[in-house]
Structures are given as structure tokens and as C-alpha cells.
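Spelled out, the chains give:
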Amino acid sequence: GAVVSQHPSWVICKSGTSVKIECRSLDFQATTMFWYRQFPKQSLMLMATSNEGSKATYEQGVEKDKFLINHASLTLSTLTVTSAHPEDSSFYICSADHRDRDYEQYFGPGTRLTVT
Amino acid sequence: AQSVSQHNHHVILSEAASLELGCNYSYGGTVNLFWYVQYPGQHLQLLLKYFSGDPLVKGIKGFEAEFIKSKFSFNLRKPSVQWSDTAEYFCAVNAWGNDMRFGAGTRLTVKP
């Protein structure tokens, strides 16, 4: 158990449009979900932390109005990249903490976003 | 602020060689420590973790790590690497109530 899925796995969009990425914990409940961004050959950078039913906490330098996060249930969090620009092209990864396993984080497979 | 340092950016080894990847963190309080692996084209997977207890932690696939509190280190080791260990390895630190912070990663290339 402890599987996290992301949808879509890859997406191409035009500059100025918005893209929604879903993160689901398939077989467990996650109090907290995390959104990361990974640039090529670099480490994961935490963007924001979302708790079910409350507003997300954004890391310094991350625009909350651009990266909208919704965590409506214990198994689903969404990241919406609004008015996307080519510099938003990246690999977005979510993780979910498993409250029955010492809050260990399980990672999704990631979503490749390309903005043209 | 928490930070995690992985000093080796790219390590190249031959099969059967021993591996040690360094990880140091800067945080004075109680921490949870992790090593994750990312195989080419795949998502992050947990190799091992340390929360408390025995500072020598054994993980999957023959990996182990030793937590040395006085050195703020959590180095990853494997006595004999295989070609299939070729991957990116990330050290991560989580302080109680705080978020996971990742090191920059170490790329391991194992030559057959």
C-alpha cells in the first residue's frame, strides 16, 4: 500500500493558460500533502505544504496567486498553475504523509509541464 | 534555517566497489533523516529512514546509513554496488513540525 498518483503525467500548454495537476493518495489518508518542483539535474524544491481543509503554506519566493493549491479531502490535493509562462516549465512532484506510518512521505510519479 | 548538503555531485564506480555518499545537515534540534533514490524515469522511493534508536539504519537493497549526531551527518553506504544501483540519491531532513528539505542529490553511475 501507500501509493500516490498524479494526473496528468505530462502536459503541454500554451503560454497564458492554466493547468491543473491532481495528486491523490490511493490507499491511505494524508493529512498533509506537499508540492515540489524539480528542475533538470537538480534537487526537489518544496513549493508549498497543504493541509486538508485549510489554506496552503507557501515557501518563500513561491507566488501563491500563481500556484493555487486546494486540498479538499484527505486523499486529494490539486495544484493549478495559472497564466503559465515558459519559465514555469518543470517537473512537479507531490507527496503525501501517511499518518499511520509515522507520517512518512510517499511521493507521486511527477508531472512534466511544458509551456510553449 | 534547515539545510542539507550532499558533497558528491556525481560518483562513478565499478560494479562490486563499495559506496559511501555523504550527507550533512544543519539543524540543532531533533531531526528525522531519510535517503531517497530516484531511478531513471521513475519517482522517488524511500531507501531508509532514521527517526530514533540505533543510529545504524538498514534499508532496502543492501543499503545502510549511519547517523552521527556529533557530526550532523547521515552517510549512505553499500558494501558492493551493482549496475542496477545507477540512480540519483537524495538525502532529506525533516525536523519535527517542519517540512522535508532535500539535498542537491548525488548521481551514482555504476559501470558494469
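Up top is the structure these notes are about.
*Asks:* Could you give me a rundown of the overall build of chain A, with the residues and numbers involved?
*Replies:* Looking only at helices and strands, chain A has zero helices and 11 strands in total. What you see in chain A, going N to C, is helices and strands ordered as β-β-β-β-β-β-β-β-β-β-β. Expected size for 116 residues packed as a compact globule is a radius of gyration near 13 Å; at 13 Å, chain A falls within 12% of this value. Principal-axis analysis of the C-alpha atoms places the extent of chain A at approximately 40 × 25 × 20 Å. In chain A, buried positions account for 52% of the 116 residues. In chain A, 56% of the contacts between residues at least 6 apart in sequence involve partners at least 24 apart. Taken as a whole, chain A presents about 5,700 Å² of accessible surface, with 50% of it coming from carbon and sulfur. A gap of 7 Å separates the mean positions of the 11 positive and 12 negative side-chain charges of chain A.

*Asks:* Which residues make up the side chain of A:Thr80, and what are the values?
*Replies:* Along the chain, the position of A:Thr80 falls in strand β8 (residues 76-81). Not counting the four nearest positions on each side in its chain, A:Thr80 is found in contact with A:Ser18, A:Val19, A:Lys20, A:Lys66, A:Phe67 and A:Leu68.

*Asks:* Pulling in residues and values, what's your account of the nonpolar core?
*Replies:* Residues B:Trp35, B:Leu48, B:Phe74, B:Leu76 and B:Tyr89 are the most contacted members of the largest nonpolar core, which totals 29 residues. For this core, the elements supplying multiple residues, two or more each, are β2 (10-14), β3 (19-21), β5 (31-38), β6 (45-50), β8 (64-68), β9 (73-78), β10 (87-95) and β12 (106-111) of chain B. No other element matches β10(B), which puts five residues into this core. Within the second largest apolar cluster, 26 residues are counted, among which are A:Val4, A:Val19, A:Tyr92 and A:Cys94.

*Asks:* So, the pattern of salt bridges: which residues are in play, and what are the values?
*Replies:* The final tally for this structure, using the stated rule, is eight salt bridges over all chains. Of the charged contacts, one joins A:Asp88 and A:Lys66 as a salt bridge, the two residues approaching to 2.8 Å between their closest N and O atoms. Placement of the pair is A:Asp88 in the loop between β8 and β9 (90-98) and A:Lys66 in the loop between β6 (57-58) and β7 (67-73), with a sequence separation of 22 residues. Taken together, the shared-partner salt bridges connect B:Lys58, B:Glu64, B:Glu66 and B:Arg77 into one network.

*Asks:* Go over the interface of chain B and chain A with me, naming the residues and quoting the values.
*Replies:* The interface of chain B with chain A comprises 15 residues on the first partner and 17 residues on the second. With both chains or domains summed, chain B and chain A bury close to 1,400 Å², and 54% of this area falls on carbon and sulfur atoms. Counting the surface chain B buries against chain A, the share from its top three residues, B:His43, B:Asp99 and B:Phe102, is 29%. Seen at the junction of chain B and chain A, the total is one salt bridge. A:Glu59 serves as the salt-bridge partner of B:Arg101, at 2.9 Å between the closest nitrogen and oxygen. Applying the counting criterion to the chain B and chain A interface returns three residue pairs in polar contact (both at pLDDT 80 or more). Those elements that provide at least two residues to the side of chain B that touches chain A are β5, β6 and β11 (100-102) of chain B. Ranked by the residues each element gives to the side of chain B that touches chain A, the list is headed by β11(B), at three residues. Here the residues of the side of chain B that touches chain A sort into eight nonpolar, three polar and four charged.

*Asks:* Talk me through the layout of surface pockets; I want residue IDs and the actual numbers.
*Replies:* Empty space among the atoms can be located by rolling a probe the size of a water molecule over them. Of the volumes computed, that of the largest pocket is approximately 560 Å³. Every residue lining the largest pocket is counted, 25 residues in all, and those nearest its centre are A:Gln38, A:Lys41, B:Gln38, B:Glu88 and B:Arg107. At the level of secondary structure, the elements contributing two or more residues to the lining of the largest pocket comprise β10 and β12 of chain B. Broken down by class, the residue content of the lining of the largest pocket amounts to 10 nonpolar, 11 polar and four charged.

Cut-offs applied
- Residues numbered from 1 in each chain as written.
- Chains lettered and ligands numbered in written order.
- Predicted model: local features only at pLDDT ≥ 70, side-chain atom pairs only at ≥ 80, totals over all residues.
- Heavy atoms only, no water.
- Helix = DSSP H or I, 4+ residues; strand = E, 2+ residues; numbered from the N terminus.
- Rg over C-alpha atoms; globule rule 2.2 N^0.38 Å.
- Buried < 20%, exposed > 50% of the residue type's maximum accessible area, 1.4 Å probe, protein only.
- Contact = heavy atoms within 4.5 Å.
- Areas by Shrake-Rupley, 256 points an atom, 1.4 Å probe, with all protein chains shown as cover.
- Lys, Arg positive; Asp, Glu negative; His and termini not counted.
- Charge placed at Lys NZ, Arg CZ, Asp CG, Glu CD.
- Core = buried A, V, L, I, M, F, W, Y, C linked by side-chain atoms within 4.5 Å.
- Salt bridge = Lys/Arg side-chain N within 4 Å of Asp/Glu carboxyl O.
- Buried area = accessible area lost by both parts, 1.4 Å probe.
- Polar contact = N/O pair within 3.5 Å; in protein donor to acceptor, adjacent residues only side chain to side chain.
- Nonpolar A, V, L, I, M, F, W, Y, C, P; charged D, E, K, R; others polar.
- 1 Å grid on protein atoms, 1.4 Å probe; cavity = no way out; pocket = protein on both sides within 12 Å on 5 of 7 lines; lining within 4 Å.
- Points joined across faces, edges and corners; volume = space filled by probe spheres on them.

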